[in-house]
Structures are given as structure tokens and as C-alpha cells.
Amino acid sequence: ILERYFGLLDIHIASIRARPGRTEADEKLIEVFERMYAYPRHLITTAWDCYKGMQQRDRYFDPKQYTHMDRVLRTTHAFLHALTPNLDPRHKDWADDLFKYLTSDAIDPYWEFYEAGLIPRLKLAKPDLIALTCPFGPQIATGMYFAKIVKRHFPDMKFVMGGTGPTDAEDVALKDPRFYTFIDYAITQDGEESLPDLVAALEGKKSFDEVSGLWRRDGGVVIPPKQHKLVDMETVRRRNLAEFCDA
């Protein structure tokens, strides 16, 4: 898989270099890619072994091995991240760029992991609801792409997205009806109590209007939260997530 991504990288960097009148951003991107070229590719292909090594006590606590594994994993992550579109909600054209990307045939670098690693596990688990946490704005696009892949296999599976990413970007993301083509619900601000309330609403035990910070779409109409409740993080009960799963 990584060898194919190396090929994509070669094509991408060649296209940037061939652009007439390259911008400052183009030059910075070329600089990033050139640094990645300086890193031996054969080491990046050992990322899986390093990932497993991080879980082995003897390798993890060996300073020399840890330094090597950490370097390989960080570089591999940077490599994959460089191939992922940087769709930041702070950009004025973010919404149009995002939905153009999501409705295209573009392949996310993590696509094969989703298909080969996560989809088989979801087929076994058969969850009714998948909750995504996006601490940062650019992760919204990644989460939505993941939901797009999953819904190809499980059209009725529901998604809820939360975290500071969608909370900070609610004006540009959650008010857009297109968002709900991929994500069914979004929870802004604290979700420790809202997520269990959403589960109760899906089970018919509560009204959706009772779920604090809940964004959703009914038909083509976006319905914003009816209420926002502050969660006392010092006293909120620690929930056992197993209570929301079938035995």
C-alpha cells in the first residue's frame, strides 16, 4: 500500500513543480516533500512492525529502539498526512472545496485501511451508531470521508460527530444541509451527557429536542440545538461505555 502512495507522491510533486508561476504555498509544499524524499523509503515501509513494536514492553523501553520506532511512525504519519487534502474550516472556500472533494472519486490515503481493516470489524460488531471525535477543524473532512466509505456498506448506520472541531466550525459546517448527507448528527460543546441522551432519543425514550447541543437535519431543513447545558466535569458520572453496547 505504501509503495503505491510513494507513486502518488511522485506524481503529485511533479505536477506542482510543473505549475507556471508557483505560489509561496507551492514552494513550501515542495520543501516539505523534498524533506520526505530525504527519508529512506524502505524505513517507512517498516511502519507496521514499529507500530507492533511500540506495544512490546522490551522494545518500547529500549531507548535506541524506541527512538527508531518513533521516528518511523512520525514520518509515516507525516507522509500520509501530506497526501490528505488540507481542508481547514477557517478557509473562506472550505465548504465548497469540502463537498467537491467528498462527491468526487478522490481516494483518501487511509481508504485501504478503512476497507481492509475497519469495514470487516464493523460487519461483525454491527453498531447502530458510530461516534466520531474531531478535536481539530481539518479532521471534519477526514471524519466525513470515513462516514462516506462506511455508508457505502451500511446505508442505515448512523454517525454523530463531536469535539471542538465541529463546535468551532458550526457556522460554516453544521448550518450547511450538505453536511448531513454524510453525518447524521453533530453535538457541539460538551458531549458527556449529550451522547447518552442521543442514544435514548434514537431508542424513542427521549425527544431529540432534549439533547443538548444537538444539530440534525429533518428532510432538507437543518435543525439547530434547542438547548445548551453546561456539564460539570467534576461531578459528571463516569459512564461505562459498555452499557450502550449489546452483550
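See the structure above.
First things first, this report covers the structure right here in the doc. What you see is a predicted model; the values in this text were computed from it and never measured.

The rules behind each value
- Every chain is numbered on its own, with residues counted from 1 as its sequence reads.
- Note on the predicted model: pLDDT of at least 70 is required for a residue's local features to be given, and 80 or more for side-chain atom pairs to be given and counted; whole-chain, interface and lining totals, by contrast, use all residues.
- Note that the side-chain values use all heavy atoms of the structure and ignore hydrogens as well as water.
- Salt bridges are defined by distance alone: a side-chain nitrogen of Lys or Arg within 4 Å of a carboxyl oxygen of Asp or Glu.
- Three exposure classes are used, based on accessible area relative to the maximum for each residue type with a 1.4 Å probe and protein chains only: buried under 20%, partly exposed in between, and exposed over 50%.
- When DSSP finds at least two bridges between two strands, those strands are taken to pair.
- Numbering of helices and strands runs from the N terminus, with a helix taken as a DSSP run of H or I at least four residues long and a strand as a DSSP run of E at least two residues long.
- Interaxial angles span 0 to 180 degrees and are taken between N-to-C directions of axes, which are lines fitted to C-alpha atoms, for helices over the stretch in contact.
- With respect to orientation, any angle under 35 degrees is reported as roughly parallel, any angle over 145 as roughly antiparallel, any angle of 65 to 115 as roughly perpendicular, and every other angle as oblique.
- Working rule for handedness: look at the near helix, and if it is turned counterclockwise from the far one by less than a right angle, call the crossing left-handed; if clockwise, right-handed.
- Contacts are assigned to residue pairs that have any heavy atoms within 4.5 Å of one another.
- Basically, the charged four are Asp, Glu, Lys and Arg, the nonpolar ten are Ala, Val, Leu, Ile, Met, Phe, Trp, Tyr, Cys and Pro, and anything else, Gly included, counts as polar.

## Observations concerning the pattern of salt bridges
What the rule picks out here adds up to 13 salt bridges. Arg 19 is paired through a salt bridge with Asp 26; the nearest N and O atoms lie 2.6 Å apart. Judged by its relative accessible area of 37%, Arg 19 falls in the partly exposed class. Each of Asp 96, Asp 176 and Arg 178 takes part in salt bridges that share partners, so that together they form one network.

## Re the sheet that holds strand S1 (residues 129–133)
Taken in spatial order, the five strands line up as S1-S2-S3-S4-S5 in an open sheet, and their pairing is mixed. What marks the edges here is a single partner per strand, and that holds for S1 and strand S5 (221–223). Taken over all neighbouring pairs, the strand axes of this sheet differ in orientation by 20° on average, direction set aside. Here strand S3 (residues 185–187) pairs with strand S4 (residues 214–218) via three bridges, running antiparallel.

## Here's the deal with the packing of helix H8 (residues 111–125) against helix H9 (residues 139–153)
Running from amino to carboxyl end, H8 crosses H9 at an angle of 55°, the nearest separation of the two axes being 10 Å. Of the possible angle classes, the one that applies to H8 and H9 is oblique. Taken as a pair, H8 and H9 cross one another with a handedness that is right-handed. Taking contact as the criterion, the partners of Trp 111, Tyr 114, Glu 115, Leu 118, Ile 119, Leu 122 and Lys 123 in H8 are, on H9, Thr 142, Tyr 145, Phe 146, Ile 149, Val 150, Arg 152 and His 153. For the contact of H8 with H9, the class distribution of residues is nine nonpolar, two polar and three charged.

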